[in-house]
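Geometric and topological summary
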Number of protein chains: 2
Amino acid sequence: MTMSKPSTQAAHPLTLIPGPVEFTDEVLAAMATPSQSHVSPQFVEVFGDALALLRQLFLNTDKRAQTFAIAGAGTLGWDFVAANLIEPGEDALVLHTGYFADSLADCIATYGGKPTQLKAPIGDIVPLDAIEAELKAKKYKVVTITHVDTSTGVLSDIKSIAALVRAVSPETLVIVDGVCSVGVEEIRFDDWDLDLVLTAPQKAIGVPAGLSIFIASGRALDVFRARKAPPASYYASLAKWLPIMQNYEAKKPSYFSTPPVQNIHALLASLKQILAVPLADRFAAHARMSDRIKSTIGSYGLKQVAAREGYQANGMTAVYLPDGVALPDLLPRIAKRGIVLAGGLHKEIATKYFRIGHMGVSVTDEDREDFDKALAAIKESLAETGYAV
Amino acid sequence: MTMSKPSTQAAHPLTLIPGPVEFTDEVLAAMATPSQSHVSPQFVEVFGDALALLRQLFLNTDKRAQTFAIAGAGTLGWDFVAANLIEPGEDALVLHTGYFADSLADCIATYGGKPTQLKAPIGDIVPLDAIEAELKAKKYKVVTITHVDTSTGVLSDIKSIAALVRAVSPETLVIVDGVCSVGVEEIRFDDWDLDLVLTAPQKAIGVPAGLSIFIASGRALDVFRARKAPPASYYASLAKWLPIMQNYEAKKPSYFSTPPVQNIHALLASLKQILAVPLADRFAAHARMSDRIKSTIGSYGLKQVAAREGYQANGMTAVYLPDGVALPDLLPRIAKRGIVLAGGLHKEIATKYFRIGHMGVSVTDEDREDFDKALAAIKESLAETGYAV
């Protein structure tokens, strides 16, 4: 794991939310890279390397696929899906395990696609047989899965869902919202035959927000190329960005819109740190920390929103408040102890739970003791509210 | 102007292109701000202040208008215009003074608008009488003006064009692409009765690329609110972002998509530096430097792409190569002297000219002597090619 050493960062509260996470000194130093032309040989090298290392993060070697890193946000990845891979009037099956599926369905409808949501009860997954029945009932252009829904902490089994889609409806594209999963949950892009995985940098990739990151399969790009209608977005157009990414990865400068030079430097810095250790070790470290946090929280008598064992995120935990304790009673007490946690996000239960993010350097560098501090702060703060921990 | 002091930045070639420009130490330090929750009181304060200072940069006090700063790029601003202010089938008059008008027209057509281009000869402006005739011939929903076309260095007279539009077609929205102008050219948003000015941070605002920045007038927002069709983009939807910006400016956290925390810190740092000096002084300093560079280049016997006096950008100069000298002969020689300039961008003449950016700290901090070095490097390099300077 990352070697511990005195940090160069100013003292600051620990941000232990489901993104943005704490960043390494090297990543922050890269954010402060002095100005560089976006078409300079120096930057072309950095951008090309970052795109190539992203392939490793997605466990991709098939060059028909392409990685992308574009100024924007995780949300922008949905526009890329909805405006390029779905044509007006085509059906999209949206598997709903929380807040973010509603937004994704909204995005798909914006560009003329027809989203059908399969909704799990709050905290649960969508069962495979329900997905199978729906895929047999109708021809879907895409199935979308929120790998980890940041509003609930539910972890979907994308490997099994992808295998089901291939068996039942082989032409349907498998789209994964990996915003809170890439870098912490196992994702084997090639082996699992996925078509597009999108993410954001400020979660388990450990880079400040400001990028839309995704990988599209050869199959997805062929579907895009066979589109009848032109892409329905200008900035989020694969037609505009595909040649740019291909060129940079081939170490050739190229221009559509100025890339965020410093954010790309930071992405490369973090990918180098992440990939210096086998990914399996990284995933295992996150799983161990997640187990520890979940069992400690359980020992305090608190329940998780993601109730089904085996389907709980390894990078975050959503925790129901005990009866009689409100968010404004608890989170400020934890904040006073230097730990920033997040409130609820799922509209139906937003005031009833809080969220802990456990991704990145706070997990991999155990010498930081970030979660010793956080778990102690939670326990002490609960006790202060009068709850018997 | 900015006080000179030893820079904390690593030695690096001077980036003197029409964006990205050189950044101040304070801006780069802000890019390396340790992690902060996007809804923390600390960040809400920073984002709110940045949105308020953007109003000052646009010389706006009318609160019916709203400033925006969103993860993305200058290009994304066009999507905001095309997907929110123009409905399918409506006409847009695009004033063409270079490469960027073609892209903007492409963007408008993507969302169903009907762009009509009024094209100036390369290096020239679109005359007012041609605009007037077109506005009288057809009802246009918007007129778009590239304030400074980065491909040619042509400066359009947006004040006169806006006044003409108000006189001839008062309901038509006046849209300004200010990517290479905001922070260097005079723009009086309220006084000139403009409707939307969009820009990017890596030019005269002096912040690394990674943001779409714009201000929309009360009139523009009313036109948006009266839209019959929903916004044609999800990520670039004013419906999504307007309440977010209003909330942050009122110092209330709000969530649609995670903002780029570090880039917003850098934006605030730069706006504080810019606004510490009267804007008129800043514009005058850029005009003086521009005059110096243009006259020096002229004294070398070189001609500008932007040929018409009074319509030449103050933040960049596009320079035709002398006969017999090719870009690959010249720019690498200049680069060897530690100065990065840009090649051509306008497709019809791309190999025939180069571009110098003169914006931001390289201009306002004369003690840096960036342009003494740059002009000397150009002269020496021209001489090396055999051209008699």
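Residues numbered from 1 in each chain as written. Chains lettered and ligands numbered in written order. Predicted model: local features only at pLDDT ≥ 70, side-chain atom pairs only at ≥ 80, totals over all residues. Heavy atoms only, no water.

**Re the UniProt feature "binding site: substrate" (unreviewed entry) in chain A**
Residues and elements named next belong to chain A. Those places that UniProt annotates as "binding site: substrate" (unreviewed entry) correspond, in this numbering, to R355. With respect to the helices, strands and loops of the structure, R355 is situated in strand β13 (residues 353-357). On the basis of relative accessible area, R355 is assigned to the buried category, the value being 9%. Sequence-distant contacts of R355, defined by excluding residues within four places in its chain, comprise L16, P18, T150, S151, M316, T317, A318, L341, A342, G343, G344 and L345. (UniProt positions renumbered as here; feature names shortened; annotations may be inferred. Helix = DSSP H or I, 4+ residues; strand = E, 2+ residues; numbered from the N terminus. Buried < 20%, exposed > 50% of the residue type's maximum accessible area, 1.4 Å probe, protein only. Contact = heavy atoms within 4.5 Å.)

**Considering the sheet that holds strand β9 (residues 196-199) of chain B**
The strands making up a sheet are joined through hydrogen bonds of the backbone, oriented either antiparallel or parallel. All names here are of chain B. Taken together, seven strands build an open sheet; the order of strands is β2-β10-β9-β8-β5-β3-β4 and the sheet is mixed. The outermost strands of the open sheet, each flanked by one partner alone, are β2 (66-71) and β4 (114-119). Ignoring strand direction, the axes of neighbouring strands in this sheet form an average angle of 20 degrees. Taken together, the three bridges between strand β8 (residues 173-177) and β9 define a ladder with parallel strand orientation. Across the sheet, the residue bridging to V176 is V197, located in β9. Across the sheet, helix α2 (residues 41-57) lies against β2 and β10 (211-216), angled at about 125 degrees from β2, the strand it touches most. Each of β3 (91-96), β4 and β5 (142-146) is contacted by helix α4 (residues 99-110), which is oriented at about 165 degrees to β4, the strand it contacts most. (Pairing = 2+ DSSP bridges. Axes fitted to C-alpha atoms, helices over the stretch in contact; angles between N-to-C directions.)

**Concerning the nonpolar core**
Of all hydrophobic cores here, the largest spans 228 residues; its most connected members are A:L194, A:L267 and B:L194. In this structure A:L267 touches A:A50, A:L54, A:A69, A:I205, A:V207, A:L211 and A:I213, once residues within four positions along its chain are discounted. By size, the runner-up hydrophobic cluster in this structure holds 26 residues, among which are A:L16, A:I293, A:L327 and A:A374. (Core = buried A, V, L, I, M, F, W, Y, C linked by side-chain atoms within 4.5 Å.)

**Points about the interface of chain B and chain A**
In this assembly, 53 residues from chain B lie in contact with 53 residues from chain A. The contact between chain B and chain A buries some 3,800 Å² in all, and 62% of this surface belongs to carbon and sulfur atoms. With its nearest N and O atoms 2.6 Å apart, the salt bridge here joins A:K240 to B:D106. Seen at the junction of chain B and chain A, the total is 21 residue pairs in polar contact (both at pLDDT 80 or more). With six residues, the single largest contributor to the side of chain B that touches chain A is α4(B). Residues that form the side of chain B that touches chain A fall into these classes: 29 nonpolar, 20 polar and four charged. (Buried area = accessible area lost by both parts, 1.4 Å probe. Salt bridge = Lys/Arg side-chain N within 4 Å of Asp/Glu carboxyl O. Polar contact = N/O pair within 3.5 Å; in protein donor to acceptor, adjacent residues only side chain to side chain. Nonpolar A, V, L, I, M, F, W, Y, C, P; charged D, E, K, R; others polar.)

**Here we look at the UniProt feature "domain: Aminotransferase class V" (unreviewed entry) in chain A**
Taken from the UniProt record, the annotation "domain: Aminotransferase class V" (unreviewed entry) applies to residues 33-348 of chain A. The span residues 33-348 of chain A is 40% helical and 16% strand by assignment, and the distance between its end C-alpha atoms comes to 43 Å.

**What about the relation of the copies chain B and chain A?**
The operation linking the two copies of the chain is a rotation about an axis combined with a translation along the axis. When chain B is brought onto chain A, the operation consists of a screw motion whose angular component is 180 degrees and whose axial shift is 0.0 Å, with 0.0 Å RMSD remaining. The transformation relating the two chain copies, once decomposed into turn and shift, fits a two-fold axis. Within chain B, the C-alpha atom positioned nearest to the axis of rotation is that of B:G72, 2.0 Å from it. Mapped onto chain A, 100% of the interface residues of chain B again fall at the interface, so both copies present the same surface. (Least-squares fit on C-alpha atoms with pLDDT ≥ 70 in both.)

**A word on the packing of aromatic side chains**
Within the structure shown, the criterion is met by 28 aromatic pairs over all chains. Arranged with centres 4.8 Å apart and planes meeting at 45 degrees, the rings of A:F80 and A:F214 form a pair that is tilted. In this pair, A:F80 sits in helix α3 (residues 74-84) while A:F214 sits in strand β10 (residues 211-216), placing the two residues 134 residues apart along the sequence. For A:F80, a relative accessible area of 1% translates into the label buried. With a centroid separation of 5.5 Å and an interplanar angle of 40 degrees, the aromatic rings of B:F43 and B:F47 are classed as tilted. (Phe/Tyr/Trp six-rings, centres within 6.5 Å; stacked < 30°, edge-to-face > 60°.)

**What about the packing of helix α2 (residues 41-57) of chain A against helix α9 (residues 261-275) of chain A?**
Residue and element names in this part refer to chain A. Viewed as axis vectors pointing N to C, α2 and α9 meet at an angle of 45 degrees, and their least axial separation amounts to 9 Å. The orientation of α2 with respect to α9, classified from their angle, is oblique. You can see that α2 and α9 cross each other, and the crossing is left-handed. Only V261, I264, H265, L267, L268, L271, K272, I274 and L275 of α9 make contact with α2, whose side of the interface consists of F43, V46, F47, D49, A50, L53, L54, Q56 and L57. In terms of residue class, the contact of α2 with α9 is built from 14 nonpolar, two polar and two charged. (Parallel < 35°, antiparallel > 145°, perpendicular 65-115°, else oblique. Left-handed = near helix turned anticlockwise from the far one by under 90°.)

**Structural notes on the pattern of salt bridges**
All names here are of chain A. If you walk through the whole model with that rule in mind, you get 48 salt bridges over all chains. As a salt-bridge pair, D193 and R166 come within 3.0 Å of each other at their nearest N and O atoms. Of the two residues, D193 is situated in the loop between β8 (173-177) and β9 (196-199) and R166 in helix α6 (residues 158-168); the sequence distance between them amounts to 27 residues. For D193, a relative accessible area of 29% puts it in the partly exposed group. Several salt bridges converge on common partners, so that one network encompasses R166, D193, D195 and R219.

**Here's the deal with unusual backbone geometry**
Residue and element names in this part refer to chain A. For the bond from G19 to P20, the omega torsion is -5 degrees, close enough to zero to count as cis. Positive phi values are uncommon outside glycine, yet E369 reaches one of about 60 degrees. On the secondary structure map, E369 appears in the loop between α12 (361-364) and α13 (370-385). For E369, a relative accessible area of 44% puts it in the partly exposed group.

**Observations concerning the layout of surface pockets**
All names here are of chain A. For the second largest pocket, the calculated volume is near 770 Å³. A total of six residues in the lining of the second largest pocket trace back to one element, the largest contributor, which is helix α11 (residues 327-336). Of the residues belonging to the lining of the second largest pocket, the class tally is 19 nonpolar, 10 polar and two charged. (1 Å grid on protein atoms, 1.4 Å probe; cavity = no way out; pocket = protein on both sides within 12 Å on 5 of 7 lines; lining within 4 Å. Points joined across faces, edges and corners; volume = space filled by probe spheres on them.)

**Points about the sheet that holds β10(A)**
Residue and element names in this part refer to chain A. Strands sit in the order β2-β10-β9-β8-β5-β3-β4 across an open sheet of seven strands; the sheet is mixed. Single-partner strands in this sheet number two, and they are β2 (66-71) and β4 (114-119). Taken over all neighbouring pairs, the strand axes of this sheet differ in orientation by 20 degrees on average, direction set aside. Sheet topology places strand β3 (residues 91-96) next to strand β5 (residues 142-146); four bridges connect them, and they run parallel. Across the sheet, A92 pairs through a bridge with V142, a residue of β5. The strands that α2 touches are β2 and β10; relative to β2, the one it contacts most, it runs at about 125 degrees. Contacts from α9 reach β2 and β10, with the element oriented near 60 degrees to β10.

**Digging into helix α4 (residues 99-110) of chain A**
Residue and element names in this part refer to chain A. Between its first and last C-alpha atoms α4 spans 17 Å; for 12 residues at 1.5 Å apiece the expected length is 16 Å, and the two agree. All of the buried residues along α4 are Y99, F100, A101, S103, L104, A105, C107 and I108. The inward-facing, buried residues of α4 contact α3, β3, β4, β5 and β6 (148-149). At the C-terminal side of α4, G112 shows a positive phi close to 95 degrees. (Expected span 1.5 Å × (residues − 1).)

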